[in-house]
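Structure assessment
Each chain, letter by letter, is given below.
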Amino acid sequence: MRNILLPTGAILAALLLFGLFVSFAGVNPVEVWVLLFKGAFGDWYSWQNTLQRAAPLMLTALCVAIPARAGLTVIGGEGALVLGGLACAALAHAVPLPTNLLGTVLVCIAGAVAGGLWIALAGWLRQYRGINETISSLLLAYVAIGLFKHIVEGPLRDPASLNKPSTPALDEGLLIGGMAGSDVHWGLVIGVVVCLVAGLWLRLTPSGFAVSVVGGNPRAAQLVGLPATRLILVACALGGAAAGLAGAIEVAAVHTSANASLIAGYGYAGILVSFIARHHPVAVIPVAILFGGFGAAGSLLQRRLGLPDASVLLLQGIAFVLILASEALRDRDWKAFFARFGHFGPSEPVPIVMPSAPAQGGDVK
């Protein structure tokens, strides 16, 4: 119940605070809340936008969730995502690929490998150089974005892309299409399947259990002879591979080429999704859909109320702060807390016991 009620309460509190902030701009908070729901889940068009945004969020959240089960806090999913998209476009440009399902699988594998190696580097720096993985993964994300821009605007730039530098577009046969004629691409199914497989791996396999042991009690893991370093590197590589796969899917299903639109903040939003889901891969799925809906509703707030499209980022930031703050309440004894409010009226008087006087003539000690 704590795992459900605390994040839910934090999200509701974030919505209340967000309504308070927009009220300062002269906007009715109730109207904002209604439009948030309509823009996310109001009709089929809104659902399509929501599910499109949820697909990369699921995979970038795994970039945080899987290393977290090994005791690491990795927040560099944005870097793995952009490098995954770049690797997808670069492989299609450098090597003649079959323009069928096999070619699509190959470009997706290229993205996963690039992202996995990048986040594994953060794990390697932690284990062999003692560098905090939170700092290194964040800084590596900025390095990855700079590398991405350099290659897209330089060696791999398509001469036809004048105003918006990008790589050459992928062949039509390599693209990931929509499901049943809708705008929701098959990347959503891939994201759901990867989350389910990751959850089953952590719960049912010896290696997944070993990763959880390393994250829960590193000393006990050493005592039983578990290869902690190797397991940490594997967890980082798998998390990075998920984020890299998200970048490859965005290129193959949405943008058709690697360009600046790929840097959309999905890696940073995935941090929030993972923390709300308590780093559980299966719980990532509904949370990613919820925050994909918040992102999809931003344009509706802009059109109807004149609020900036990026105003939903404020909502995400408030939610992230409150989620972290709610962790302080997790270990509170709630029964004792509410028991204080169950007693009405004055409490029973406590008898005062006076010390007895020493006998006359006796020694006072």
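Structural data are supplied above this passage.
The rules we used
- Along each chain, the written sequence defines residue order, and numbers are assigned to residues from 1.
- Note on the predicted model: pLDDT of at least 70 is required for a residue's local features to be given, and 80 or more for side-chain atom pairs to be given and counted; whole-chain, interface and lining totals, by contrast, use all residues.
- With hydrogens and water set aside, each side-chain value is computed from the structure's full complement of heavy atoms.
- Residues enter patches when their relative accessible area tops 30% and they take part in no salt bridge; the joining distance is 9 Å for like charges and 5 Å for the nonpolar side chains Val, Leu, Ile, Met, Phe, Trp and Tyr.
- Only the protein chains shown count as cover for residues, and the accessible areas themselves come from Shrake-Rupley with a 1.4 Å probe.
- By definition, a salt bridge exists where a carboxyl oxygen of Asp or Glu is found within 4 Å of a side-chain nitrogen of Lys or Arg.
- Secondary structure elements are taken from DSSP: a helix is a run of H or I of four residues or more, a strand is a run of E of two residues or more, and numbering for both begins at the N terminus.
- Exposed residues in this analysis have more than 50% of their type's maximum accessible area, buried residues have under 20%, and partly exposed residues fall in between, with area computed by a 1.4 Å probe over protein chains only.
- What a helix should span is 1.5 Å times the count of its residues minus one.
- By the convention used here, residues are in contact when the closest approach between their heavy atoms is within 4.5 Å.
- In protein, a polar contact means a hydrogen-donor-capable atom and an acceptor-capable atom, both N or O and within 3.5 Å, with residues adjacent in sequence counting only if both atoms are side-chain atoms; elsewhere, any N or O pair within 3.5 Å suffices.
- In summary, the pairing rule links any two rings of Phe, Tyr or Trp, Trp by its six-membered ring, whose centres are within 6.5 Å, and it sorts them by plane angle into stacked for under 30 degrees, edge-to-face for over 60 and tilted for everything else.
- Helix axes are fitted only over the stretch in contact, all axes being lines through C-alpha atoms; the angle between N-to-C directions runs from 0 to 180 degrees.
- To sort the angles, those under 35 degrees are grouped as roughly parallel, those over 145 as roughly antiparallel, those from 65 to 115 as roughly perpendicular, and the leftovers as oblique.
- Here a crossing is called left-handed whenever its near helix is offset anticlockwise from the far helix by less than a right angle, and right-handed whenever the offset is clockwise.
- Note on residue classes: Ala, Val, Leu, Ile, Met, Phe, Trp, Tyr, Cys and Pro are nonpolar, Asp, Glu, Lys and Arg are charged, and everything else, Gly too, is polar.

Nonpolar side chains collect at one region of the surface, where Leu101, Leu102, Val105, Leu106, Ile109, Val113 and Leu117 lie side by side and expose about 650 Å² of accessible area between them. Relative to the helices and strands, valine 105 resides in helix H5 (residues 101-129). For valine 105, a relative accessible area of 38% puts it in the partly exposed group.

Between the first and last C-alpha of helix H2 (residues 29-41) there are 18 Å, a value that for 13 residues agrees with the 18 Å anticipated at 1.5 Å per step. Taken together, the buried positions of H2 are occupied by Val32, Leu35, Leu36, Gly39, Ala40 and Phe41. Residues of H2 that are buried sit in contact with helix H1 (2-24), helix H3 (44-69), helix H12 (284-296), helix H13 (298-305) and helix H14 (311-326). Between a side-chain oxygen at the N-terminus of H2 and the backbone nitrogen of valine 30 the separation is 3.2 Å; the capping residue is asparagine 28.

Looking now at the packing of aromatic side chains. One pair of aromatic rings is described through two measures. These are the centre distance and the angle between the planes. Per the stated rule, a full pass over the model turns up six aromatic pairs. The interplanar angle of 85° and the centroid separation of 5.8 Å between the aromatic rings of phenylalanine 275 and phenylalanine 320 together place this pair among those described as edge-to-face. With phenylalanine 275 in helix H11 (residues 266-276) and phenylalanine 320 in helix H14, the pair connects residues that are 45 residues apart, well separated along the chain. Through a chain of ring-to-ring contacts, three or more aromatic side chains come together here, namely Phe37, Phe41 and Trp47.

Looking now at helix H10 (residues 228-255). Note on helix geometry: an α-helix contains 3.6 residues per turn, so any two residues three or four positions apart are oriented the same way. For H10, built from 28 residues, the straight-helix expectation of 40 Å at 1.5 Å per residue is met to within 8% by its first-to-last C-alpha distance of 39 Å. Among the residues trailing H10, threonine 256 stands out with phi positive, at a value near 65°.

Another point: the packing of H11 against H12. Packed helix pairs are characterised by how far apart their axes lie and by the angle those axes make with each other. Across the interface, H11 lies against H12 with an axial gap of 9 Å and an inter-helix angle of 135°. Taken together, the axes of H11 and H12 lie oblique to each other. Here H11 and H12 pass one another in a crossing that is right-handed. Seen from H11, the contacting residues are Leu272, Val273 and Ile276; seen from H12, they are Val284, Val287, Ala288 and Phe291. Split into classes, the residues belonging to the contact of H11 with H12 amount to seven nonpolar, no polar and no charged.

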